[in-house]
Amino acid sequence: MQRVLAIAHVLGGMLMVTAATYLLPIGWSIAVGDGTTDSFVEAAIGTVAAGLLLWGPTRRWRRELQARDGCLLVVLTWVLMASVAMVPFLLELPGISFTDAFFESMSALTTTGATVLTGLDTLPQSLNLWRHALQWFGGMGIIVLAIAVLPLLGVGGMQLFKAEMPGPMKETKLTPRITQTAKYLWLIYVSMTGVCILALRAAGMSWFDAVCHGFSALALGGFSTRDDSIAGFDSPAIEMILGVFMMLAVINFTAHFLALRTRSLEAYARDVEARWVWSAIVGAIVVLTVYLWWSDTYADPAQALRVAAFKTVSMATSSGYTGADYETWPPLAGLAVLMIGGLCSSSGSTGGGIKMARTLVLFKQAGRELLRMSHPRAVRPLLLNRQVVGDQVVLAVLGFMLLYGATLIGVTLLLVATGLDLTSAFGGAYACLNNIGPALGVLGPTDNYAGLSDFQTWICAFAMLAGRLELLTVFVLATPAFWRR
């Protein structure tokens, strides 16, 4: 119990700090006069009050948290943040249910980009800005978690870059202190966002659209200010700018830091994930372009390239911006662009999915097993970036993938059991678990999640949270051993 109270004290302080994020939509609301100021002020006051209720009575139990406490703290932080962030939706959107409001805020904070809202073009600007700001804050939160927090708990994808892999990989530790690490990451994240906003403005977006899409692009969240998403702008320049920044955001942010510190692009060349991520995305663009042109989906090769490039980058980075409707393509092409979204993000980026590092370990381990079939006595170490990956890391990846597969199947079966068709259920489970957003069937790129029942919506919200927090962080809370002293 003392452990829970100590965590509650930290959560209370975090809630009070979170209240400061409401200053952005409050200031925007006052500037444009969209009439939502009172709702955001009330939400901010409520968040401070909730924080005080947790922080004040638990001060006597304040102590240094243990590594195991971090799992509970991380999960509760995301749930509480989504709970307080949904208040403006409840106050400003007549008829929206508690379930849908929570889903929208959880989708934003986990940078999934799935939405239950329609009429985005006419939504009050400050409320739309709030959706995108939540994605931006969630994206930075994920980077800090992946690089500075989860490795300390022993559950993050960045475990692949610890002492088991010496050499250049060890340089991904930026500073000896988490606070310093977070500060440098914030500086890079904010700077890249600012450049993206200016570029989008120069390409013809209004300041409002540029700010919103700058937030969602760097967070790889995929929210848009329009129901038609990026297709509503019909601008190759905008698509190119967003594509460039999505390709940057999908890379481990420590690589960006090292490149800036050394003033050299060598940091990217030495990052095995960066090389494979960019190569996989470029290769997928080429293959998809040829396939769409060859299948007469697009008669013009230039049009096929434009559509394939933006859609591939958007889905592969788990951003999920809607351009062309891939469900009108040949089934193989549409399924391929969805599936790639779970494989290509780097650890320490704002992207979702299993991460490229795990993907590489899985393929290389499969190669080792095939070699053993024909040469049982052969000794072939698993190499990544010319460094040996220990068996402990391989087992951890295999364990993660077992849990990933079980979760994907379980969520799919639950959605089917509640009446959703198999295509939509699998697509929704995969898209939510990998934080992609658009899926298949009734959850496809031209639809949204508004048609789900309340129970189905909660299932998808859980999948988004579990996928965003690397699964193990969430499921360890269900084990009896976690709660033993």
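Residues numbered from 1 in each chain as written. Predicted model: local features only at pLDDT ≥ 70, side-chain atom pairs only at ≥ 80, totals over all residues. Heavy atoms only, no water.

Asker: Just checking my understanding: could you explain the overall build of the protein for this structure?
Answerer: Scanning the protein for helices and strands turns up 21 helices and 2 strands. Overall, the protein is about 70 × 65 × 55 Å in size when its C-alpha atoms are taken along their principal axes. In the protein, buried positions account for 55% of the 485 residues. Expressed as a percentage of contacts within the protein between residues at least 6 apart in sequence, the contacts between residues at least 24 apart total 70%. Accessible surface, the protein: about 20,400 Å² in total, of which carbon and sulfur atoms supply 67%. Taken as two groups, the 31 positive and 29 negative side-chain charges of the protein have centres that lie 19 Å from each other. (Helix = DSSP H or I, 4+ residues; strand = E, 2+ residues; numbered from the N terminus. Buried < 20%, exposed > 50% of the residue type's maximum accessible area, 1.4 Å probe, protein only. Contact = heavy atoms within 4.5 Å. Areas by Shrake-Rupley, 256 points an atom, 1.4 Å probe, with all protein chains shown as cover. Lys, Arg positive; Asp, Glu negative; His and termini not counted. Charge placed at Lys NZ, Arg CZ, Asp CG, Glu CD.)

Asker: I'm lost on the pattern of salt bridges in this one. Help?
Answerer: Between side chains of opposite charge, pairing is possible as soon as their charged atoms come close. In total, this model carries 7 salt bridges according to the counting rule given. Arg-226 is the salt-bridge partner of Asp-209, the closest N and O atoms lying 3.9 Å from each other. Taken together, the residues Asp-209 in helix H9 (residues 207–219) and Arg-226 in the loop between H9 and helix H10 (236–249) connect sequence positions 17 residues apart. Shared partners join several salt bridges into a network, and the residues in it are Asp-234, Glu-239 and Arg-306. (Salt bridge = Lys/Arg side-chain N within 4 Å of Asp/Glu carboxyl O.)

Asker: Is there a simple way to explain helix H6 (residues 98–109) in this structure?
Answerer: Residue pairs three or four apart in sequence face the same way in an α-helix, which turns once every 3.6 residues. A rise of 1.5 Å per residue sets the reference length of H6, with its 12 residues, at 16 Å; its end C-alpha atoms lie 17 Å apart and thus fit the reference within 8%. Across the 12 residues of H6, 11 count as buried, placing the element largely inside the fold. For H6, the complete set of buried residues consists of Thr-99, Asp-100, Ala-101, Phe-102, Phe-103, Glu-104, Ser-105, Met-106, Ser-107, Ala-108 and Leu-109. The positive-phi residue at the C-terminal boundary of H6 is Thr-111, with phi of around 55 degrees. (Expected span 1.5 Å × (residues − 1).)

Asker: What should I look at first to understand the environment of Thr-359 in this one?
Answerer: Along the chain, Thr-359 falls in helix H16 (residues 356–374). Sequence separation of Thr-359 and Gly-342 is 17 residues, and the distance between their C-alpha atoms is 9.5 Å. The residues touching Thr-359, leaving out its near neighbours within four places in the chain, are Leu-343 and Ile-354. Among the polar contacts made by the side chain of Thr-359, one reaches the main-chain carbonyl oxygen of Leu-343 at a distance of 3.3 Å. (Polar contact = N/O pair within 3.5 Å; in protein donor to acceptor, adjacent residues only side chain to side chain.)

Asker: Would you take a moment to explain unusual backbone geometry for this structure?
Answerer: Glycine aside, residues mostly have negative phi angles, and peptide bonds mostly take the trans form. The residue Thr-111 is not glycine, and still its phi comes out positive at about 55 degrees. Judged by its relative accessible area of 0%, Thr-111 is buried. One non-glycine residue, Glu-470, lies in positive phi territory at about 65 degrees. Mapped onto the elements of the fold, Glu-470 is located in the loop between helix H19 (454–468) and helix H20 (472–475). Looking at Glu-470, the relative accessible area reads 6%, which means it is buried.

Asker: Is there a simple way to explain the confidence of the model for the protein in this structure?
Answerer: Close reading of the predicted structure is inappropriate where its pLDDT is low. A residue-level look at the protein finds 91% of positions with pLDDT of 70 or above and a mean pLDDT of 87. Below pLDDT 50 for its whole length, residues 152–175 participates in 62 contacts with residues either more than four positions away or in separate chains. (pLDDT = per-residue confidence, 0-100.)

Asker: Would you take a moment to explain a nonpolar patch on the surface for this structure?
Answerer: A contiguous nonpolar surface patch, about 560 Å² in accessible area, is contributed by Val-282, Val-286, Val-290, Trp-293 and Trp-294. Inspection of the secondary structure puts Val-286 in helix H13 (residues 272–294). Taking the relative accessible area as the measure of exposure, Val-286 reaches 48% and is therefore partly exposed. (Patch = residues over 30% accessible without salt bridge, like charges linked within 9 Å, V, L, I, M, F, W, Y side chains within 5 Å.)

Asker: I'm lost on the nonpolar core in this one. Help?
Answerer: One broad rule of soluble globular proteins: the nonpolar side chains tend to lie buried together. Counting residues in each nonpolar core, the largest one holds 143 residues, and the members touching the most others are Phe-89, Leu-242, Trp-329 and Tyr-449. If you tally residues by element for this core, the top one is helix H4 (residues 67–85), at 10 residues. Leave out the neighbours within four places in its chain, and Leu-242 touches Leu-200, His-213, Ala-217, Ile-230, Phe-310 and Tyr-321. (Core = buried A, V, L, I, M, F, W, Y, C linked by side-chain atoms within 4.5 Å.)

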